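# Observations on the model geometry
Next come the chains, spelled out residue by residue.
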Amino acid sequence: MTECDPQPTAPRDLQTIAALPQLLFVSGMSGAGRSTAAKCLEDLGWFVVDNLPPALILTMVELGARSGGNVARIAVVVDVRGRRFFDDLRECLAGLEAKHVTRRIVFLESSDEALVRRFESVRRPHPLQGDGRIVDGIAAERELLRELRGDADLVIDTSSLNVHELRAKMAAQFAGEEEPELRATVMSFGFKYGLPIDADLVVDMRFLPNPHWVPQLRPYTGLNEEVSAYVAGQPGAKEFLDRYAELLQLIAAGYRREGKRYVTIAIGCTGGKHRSVAMSEKLAARLASQGVETVVVHRDMECE
């Protein structure tokens, strides 16, 4: 029996249990907001366990299934404090898949600068820095979590989020009793401020003329009706929306087959103020009309 095998009392085939609870793993960088996310999930009615040993995860799922609906949603917080826990987690995830237990992973990401600032503000060392600097601990943790981040169903970049904004994002994703088929975040951004690190798909709107060079449009954003009409009226704009919406239908069907419920589509232009904002709004409307639950975020719209 390996460390990740269920206890002897657990059934060999969890499919025999009628109502398996939802299982969510919450992981990410230290200082990126795992505690805030966990508290939000508790407030939303999830049964939250911090660093549950891998050997007990399947048993916990079984107990939740036998609870008569009292434990319908289980969230397990995963971090690098439990070294052996993390070493065994990969094998346990494979074991869950083999037993047809549906699980999801949400990963909280943040920039090095934001993480250093947070650790310095509370005057605490990074759990992996040892005798080195905070940045050394952050680098070591990124490497340790790299594969788990790649497996995540949802990545949330908390670099510029406060506690309330993070709680709002978690609530938007996990508050509902019934999970929609697919949720999409359409995010406008400016390339000069860097790519969004939590993007699944990135699109470049710089092939369209820039309203920045139209004096009467420059002060406004892509939310302005005149700016939006200018961008949408350019050659190639409507064709892009039509064809990219069709492509997203194909991608969405594949995501559903793979059990992926969240996608972040980043739409960029130079400054993130005009073209990307206008096209993000129009693409989000297309997705919503196709039954995709969609949230629009304008990351850099107010930066200029």
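Here the structure is a predicted model, which means the values were calculated and not measured.

## Side note on the environment of R146
Relative to the assigned elements, R146 resides in helix 5 (residues 134–151). R146 sits 118 residues away from G28 along the chain, and the two C-alpha atoms are 9.6 Å apart. A distance of 3.0 Å separates polar atoms of two side chains, one belonging to R146 and the other to E143.

## A look at the pattern of salt bridges
A full pass over the atoms with the stated rule returns twelve salt bridges. Across the pair R142 and D112 runs a salt bridge whose closest N-O atoms are separated by 2.7 Å. On the criterion of sequence distance, the pair formed by R142 in helix 5 and D112 in helix 4 (residues 112–122) is long-range, its members being 30 residues apart. According to the relative accessible area criterion, R142 is partly exposed, its value standing at 23%. D112 sits in the partly exposed class, given a relative accessible area of 36%. Of the charged contacts in the structure, one is a salt bridge between R299 and D300, with a shortest N-O distance of 2.8 Å. On the accessibility criterion, D300 (4% relative accessible area) is buried. Overlapping salt bridges, with partners in common, bring together E109, D112, R142 and R149 in one network.

## Description of the packing of helix 7 (residues 225–232) against helix 9 (residues 275–289)
Remark: helix 7 packs on helix 9, axes separated minimally by 9 Å, with the N-to-C direction vectors making an angle of 85 degrees. Between helix 7 and helix 9, the crossing angle belongs to the class labelled roughly perpendicular. Contacts between helix 7 and helix 9 pair S228, V231 and A232 from the former with R275, A278, M279 and K282 from the latter. The residue makeup of the contact of helix 7 with helix 9, split by class, is four nonpolar, one polar and two charged.

## A closer look at the nonpolar core
Side chains of a nonpolar character, in soluble globular proteins, are inclined to be buried together. Among the nonpolar cores identified, the biggest contains 49 residues, and L23, L24, F25, L41, L96, M170 and F174 are the most heavily contacted of them. The contact partners of L41, leaving out residues within four places of it in the chain, are L24, V26, W46, V48, A75, M170 and F174. Core analysis: the second largest hydrophobic core is formed by 28 residues, L217, L241, Y244 and C269 among them.

## Topic: the layout of surface pockets
Computed from the structure, the largest pocket encloses a volume of approximately 670 Å³. At the level of secondary structure, the elements contributing two or more residues to the lining of the largest pocket comprise helix 1 (34–43), helix 4 and helix 6 (163–174). Broken down by element, the residue count for the lining of the largest pocket peaks at four residues, all from helix 1. Residues of the lining of the largest pocket, tallied by class, amount to ten nonpolar, seven polar and six charged.

## With respect to helix 9
Along an α-helix, residues three or four apart share an orientation, since each turn contains 3.6 residues. When the terminal C-alpha atoms of helix 9 are compared, their 21 Å separation across 15 residues agrees well with the 21 Å that a helix rising 1.5 Å per residue should span. Against the buried residues of helix 9 lie strand 6 (183–190), helix 7, helix 8 (237–257), strand 8 (262–269) and strand 9 (293–298). Count one or two residues on from helix 9 and you reach G291, which has phi positive near 90 degrees.

## Brief notes about the pairing of strand 7 (residues 201–204)
Alternating positions in strand 7 separate cleanly, L201 and V203 being buried on one face and V202 and D204 remaining unburied on the opposite face. Relative to strand 8, strand 7 runs parallel, the two sharing four bridges. Its bridge partner lying in strand 8, D204 is registered against G268.

What counts, and where the lines are drawn
Residues numbered from 1 in each chain as written. Predicted model: local features only at pLDDT ≥ 70, side-chain atom pairs only at ≥ 80, totals over all residues. Heavy atoms only, no water. Helix = DSSP H or I, 4+ residues; strand = E, 2+ residues; numbered from the N terminus. Polar contact = N/O pair within 3.5 Å; in protein donor to acceptor, adjacent residues only side chain to side chain. Salt bridge = Lys/Arg side-chain N within 4 Å of Asp/Glu carboxyl O. Buried < 20%, exposed > 50% of the residue type's maximum accessible area, 1.4 Å probe, protein only. Axes fitted to C-alpha atoms, helices over the stretch in contact; angles between N-to-C directions. Parallel < 35°, antiparallel > 145°, perpendicular 65-115°, else oblique. Contact = heavy atoms within 4.5 Å. Nonpolar A, V, L, I, M, F, W, Y, C, P; charged D, E, K, R; others polar. Core = buried A, V, L, I, M, F, W, Y, C linked by side-chain atoms within 4.5 Å. 1 Å grid on protein atoms, 1.4 Å probe; cavity = no way out; pocket = protein on both sides within 12 Å on 5 of 7 lines; lining within 4 Å. Points joined across faces, edges and corners; volume = space filled by probe spheres on them. Expected span 1.5 Å × (residues − 1). Pairing = 2+ DSSP bridges.

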